[in-house]
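Inside the fold
These are the residues of each chain, in order.
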Amino acid sequence: MKSFSPDFLWGGAVAANQCEGAYLEDGKGLSTADLLNRETYGKDNIPLEIDPQKFYPTHSAIDFYHTYRDDIALLGEMGLKCFRISIPWSRIFPNGDDEKPNEEALKHYDDLFSCCAQHNIEPLVTLSHCEMPLAIWETFYVTVIATLAAIVIGLPLGVLIVAGDKDGVFPLPKSLLGFINAVINLLRSVPFLILMILVFPLTRLIMGTVVGTAASIVPLVIAAFPFVARLVESSLREVNPNIVEAAQSMGATPFQIIAKVMIPESVPSLLSNFTIAITTILGYSAMSGIIGGGGLGKIAINYGYYRYKYLVAFVAVVFLIILVQIFQSLGTHMAVKSDKRLKKSR
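Residues numbered from 1 in each chain as written. Predicted model: local features only at pLDDT ≥ 70, side-chain atom pairs only at ≥ 80, totals over all residues. Heavy atoms only, no water.

Among the structural elements, Ser189 can be located in helix α7 (residues 174-189). The class of Ser189 is exposed, set by a relative accessible area of 52%. With 37 residues separating them in the primary sequence, Ser189 and Pro226 have C-alpha atoms 9.9 Å apart. (Helix = DSSP H or I, 4+ residues; strand = E, 2+ residues; numbered from the N terminus. Buried < 20%, exposed > 50% of the residue type's maximum accessible area, 1.4 Å probe, protein only.)

This part is about the pattern of salt bridges. Across all of its chains, the model carries four salt bridges by this definition. Through salt bridges that share partners, Arg230, Glu233 and Arg237 make up one connected network. (Salt bridge = Lys/Arg side-chain N within 4 Å of Asp/Glu carboxyl O.)

Here we come to the sheet that holds strand β1 (residues 11-13). Overall, parallel pairing links the three strands, which are arranged β1-β2-β3 in an open sheet. Looking at strand neighbours, the two that pair on one side only are β1 and β3 (122-126), the edges of this open sheet. Put simply, the sheet's adjacent strands are angled 20 degrees from each other on average, direction ignored. Note that strand β2 (residues 82-86) and β3 share five bridges and pair parallel. Each bridged residue has a counterpart across the sheet, and for Cys82 the counterpart in β3 is Glu122. (Pairing = 2+ DSSP bridges. Axes fitted to C-alpha atoms, helices over the stretch in contact; angles between N-to-C directions.)

The final tally for this structure, using the stated rule, is two cavities of 30 Å³ or more. One number sums up the size of the largest cavity: a volume of about 60 Å³. Classifying every residue of the lining of the largest cavity gives three nonpolar, four polar and five charged. (1 Å grid on protein atoms, 1.4 Å probe; cavity = no way out; pocket = protein on both sides within 12 Å on 5 of 7 lines; lining within 4 Å. Points joined across faces, edges and corners; volume = space filled by probe spheres on them. Nonpolar A, V, L, I, M, F, W, Y, C, P; charged D, E, K, R; others polar.)

For β2, the tally of buried residues reaches four of five residues, placing the bulk of the element in the interior. Two strands pair when backbone bridges link them, and β1 and β2 are joined in this way by three bridges, in the parallel orientation. Counterpart to Ala13 in the pairing with β2 is Arg84.

At Ala61, a residue that is not glycine, the phi angle is positive and equals roughly 50 degrees. In this structure, Ala61 sits in the loop between α2 (57-60) and α3 (64-77). Note on Ala61: relative accessible area 28%, which makes it partly exposed. In this model, Asp63 sits at a positive phi of 60 degrees, which is unusual for a non-glycine residue. On the secondary structure map, Asp63 appears in the loop between α2 and α3.

Attention now moves to α7. The end-to-end C-alpha distance of α7, which contains 16 residues, comes to 22 Å, matching closely the 22 Å that a straight helix rising 1.5 Å per residue would cover. For α7, the full list of buried residues reads Leu177, Ile180, Asn181, Ile184 and Leu187. For α7, the angular spread of the buried residues around the axis is 135 degrees, confining them to a single face. Facing away from the buried side of α7, by more than 90 degrees, are the exposed residues Lys174, Ser175, Phe179, Leu186 and Ser189. (Expected span 1.5 Å × (residues − 1). Arc of directions from axis to C-beta.)

Fair warning: the whole summary comes from geometry, so function is off the table for now.
Below, the structure is given as structure tokens:
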């Protein structure tokens, strides 16, 4: 049997969120991994609040943050030559978009790597290991949830407006149609910051509080669903009326025409408009930081504007722009892929 090369690296591996502990020490901020307790670990849903009655593995772990010198010495005694470890960015940049890195964290990892060198161990660092700063996750989470809820409410309303028109496939009483339009126009005309305050009672009734990331979802949905309804109306009115008339002539019911003709024919336009909606809601979510909402808006306002650290606010805006670009690119790609006219032209 051939022997291994002299420079072969025998090693061990850990992840910071599995071993470090000290989840709030020396200026560390919360990460997504810090919110996973024994019940939710390994599942898709990540709660946005820490429940003091539950056990969170990352909060203490094996306390490697304090015992790394002894642990690395033991690895050296075992003859290991490589040690893979991850760096939690919420320790170096507690909020994800800080103006300067956390000096305590930099000193810690400098000491850790020096300790590895003393024992002839080569550190192998992973840049991301199943976690991200909480503010970025909160912004993404709130935007997606609010958009989905707005679509669930706004899509049927948009369909009702078009189908319930006097020349539509399912005419509604003029008074009912006028009421729906009036409610949508009313909610759309109220500035978002004022709307957030007006719906405090409803938010408190549903969420139990008006402050926090989860609580900001309620005003976001109320502000967004009328906008989505108008976008859906615009998309459905683009459908060729000859196609609808052909379906009617073949005896299709109003529901069949809506479900199998109008909506499928308007999918590319709907996807494009839903992309506009999600980027708009992303902007709303940033504004919710003024009344205690979480995410990048909170960072920009509380840690940037109020403390005169304008670079922090600028970096938060850059992250928002990146998220907008991601959502817009995905939406445009999906709209193009679903457009039958483009497929025929190819």
